[in-house]
Amino acid sequence: MRSAPTILHLDMDAFYASAEQAAKPSLRGKAVVVGGLGPRGVVATASYEARRFGVHSAMPTAQARRLAPHAAYLTPRFTLYRDVSNQVMGLLRALSPLVEPLSLDEAFVDLEAGGAAFDSASAREVGERLRADIRRVTGLSGSVGLAVSKMLAKIGSERAKPDGLVLIEPGTERELLAPLPVRVLPGVGPATGDHLRRAGITTVDEIAEAGQDELVRLLGRAHGTGLYAMALALDERPVVSEREGKSVSVEDTYDLDIHDRVRVRGEVARLAERCTRRLREAGRSGRTVVLKVRRYDFSTLTRSETLRGPTDDPAVVREAAARLLEGVDTTGGVRLLGVGVSGLADYTQEDLFAQAAGERAAAEAEAAAEADEQATPGPAAEPAAPEERRWPAGHDVVHAVHGPGWVQGSGVGRVTVRFETPTSAPGRVRTFRTDDPELSLSAPLPLVDEDGGAGQG
């Protein structure tokens, strides 16, 4: 254990919801819920205003709507969140070579490894400067915990929320931990927490009093020994700069079960394209393609195929996923589909057959497009139109006359748009036909202008 609180944990405050409030002046200070909006949707993040009504992450969106019916419900914009995350991670990596990202909005930093801090005073100074830099660069707030270990630094950032800093002085750790609930310790989830509660153990101090032998008896040697050490504030886990992913995958849950086999094939092909795009963005390749299918009765099937060598070719992954789908019965309906690639590598084995398949697919697509242009539209072409003009709530749009804005909602052939930007005043609302040729989806605007001025006041 180190003697100075030089491990920093950063957790951005209500990240997705805060980013949406910063982007949309009319939503600042109001309840905002980001997540899936369909019948099976789940809340990803709720703003602090929404949390006052009892809304929290992982809650079904339908339940959130009952608790906070007047909140703004938005679909996630991961392009924006990744851009902001990259800015924040850049600030962290300027402090130390040892940065361990846990998600888009959370990371550990070893300040000692970067020479950024060596005692409590310097660590606090770095933490406060970091919070100010995050506000300046992104317009958002983050909470910081500083301690001698990762466990304690994370506890510190939780106690600092929202928009604060907590430094846990060396020597005060046991006193701080003693009255806290057992769930505060890493590795104690709902099941372990309930098991300990039935044994009369509800606080960290009671874990320490129970002793290692009793915890081993209750939880097993590995878990019991580790938990006892944590209760004594002993955490030797280092900050690890590289967290290698074992796989890359994407999946979608559908509001209504899919029964049409043709649509299922189309969804699998689309997911394969998304998966390989993420694979290429990460500079990786993989040799095992995995298909995940959750059927109407909630049974989940997983099928995989290992290729001759690593690939990041969309055609190869798409065709492998299609082959795997042929062995799955989907007649009862499908509620979730996923495509992944595992066995990751940093190189790609050239595959002439894959290249040929890709060229063949491209030629077929081009020929199909030409045929569509020449064909006279018939009744069969009509159902495809709504799929081409979807307007997800919260996403960015631009109008040829009114400029940039965002989708407030859509339905019955109409889409409602509020025209405002991160640096403008709250804007006006207008309604258009969903097929209005002057309205189109657009990329997110920066939350902070070029002069460093934040949109959020």
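Everything discussed here concerns the structure shown above.
**Observations concerning unusual backbone geometry**
Point 1. Cis peptide bonds are those with omega within 30 degrees of zero, and the linkage from Lys161 to Pro162 qualifies with -10°.
Point 2. Inspection of the secondary structure puts Pro162 in the loop between helix H6 (150–160) and strand S8 (165–167).
Point 3. Here the phi dihedral of Asp163 falls at roughly 60°; this positive angle occurs in a residue that is not glycine.
Point 4. Mapped onto the elements of the fold, Asp163 is located in the loop between H6 and S8.

**What about the packing of aromatic side chains?**
Point 1. What the rule picks out here adds up to six aromatic pairs.
Point 2. Taking the centre distance of 4.3 Å and the plane angle of 5° together, the rings of Tyr16 and Tyr81 count as stacked. Of this pair, Tyr16 sits in helix H1 (residues 15–23) while Tyr81 sits in helix H4 (residues 78–93), and the two are 65 residues apart along the sequence. Neither residue differs from the other here; Tyr16 and Tyr81 are each classed as buried.
Point 3. Each ring, one from Phe419 and one from Phe432, has its centre 5.9 Å from the other, and the planes form 90°; the classification is edge-to-face. With Phe419 in strand S15 (residues 414–419) and Phe432 in strand S16 (residues 428–433), the pair connects residues that are 13 residues apart, well separated along the chain.
Point 4. Using a relative accessible area of 9% as the deciding quantity, one classes Phe432 as buried.

**Digging into the pattern of salt bridges**
A pair can form between side chains of opposite charge whenever their charged atoms are brought close.
Point 1. On inspection of all chains with the given rule, the structure shows 28 salt bridges.
Point 2. With a shortest N-O distance of 3.0 Å, Arg77 and Glu20 are connected by a salt bridge. Remark: Glu20 occurs in helix H1 and Arg77 occurs in the loop between strand S4 (72–74) and H4; sequence separation between them is 57 residues. The two residues Arg77 and Glu20 agree in class, both being buried.
Point 3. Here Arg280 makes a salt bridge to Asp312, at a shortest N to O gap of 3.6 Å. Taken together, the residues span a long stretch of sequence, with Arg280 in helix H12 (residues 261–281) and Asp312 in the loop between strand S11 (300–311) and helix H13 (314–326) at a distance of 32 residues.
Point 4. With a relative accessible area of 47%, Arg280 lands in the partly exposed category.

**What to know about the pairing of strand S2 (residues 32–35)**
Point 1. Here S2 shows a buried face lined by Val32 and Val34 and a second buried face lined by Val33 and Gly35.
Point 2. Examined bridge by bridge, S2 and strand S3 (residues 43–46) share three bridges and lie antiparallel to one another. Note on S3: the bridge partner recorded for Val34 is Thr45.

**What to know about H4**
Point 1. With 16 residues, H4 ought to run about 22 Å at 1.5 Å a step, and its terminal C-alpha atoms sit 22 Å apart, in line with that.
Point 2. Those residues of H4 not exposed but buried are Leu80, Tyr81, Val84, Ser85, Val88, Met89, Leu91 and Leu92. Down the axis of H4, the buried set is contained in an arc of 160°. They therefore lie on one face.
Point 3. Each element contacted by the buried residues of H4 is listed here: strand S1 (7–12), H1, S2, strand S5 (99–103), strand S6 (106–110) and helix H5 (120–138).

Conventions used here
- Residues numbered from 1 in each chain as written.
- Predicted model: local features only at pLDDT ≥ 70, side-chain atom pairs only at ≥ 80, totals over all residues.
- Heavy atoms only, no water.
- Helix = DSSP H or I, 4+ residues; strand = E, 2+ residues; numbered from the N terminus.
- Phe/Tyr/Trp six-rings, centres within 6.5 Å; stacked < 30°, edge-to-face > 60°.
- Buried < 20%, exposed > 50% of the residue type's maximum accessible area, 1.4 Å probe, protein only.
- Salt bridge = Lys/Arg side-chain N within 4 Å of Asp/Glu carboxyl O.
- Pairing = 2+ DSSP bridges.
- Expected span 1.5 Å × (residues − 1).
- Arc of directions from axis to C-beta.
- Contact = heavy atoms within 4.5 Å.

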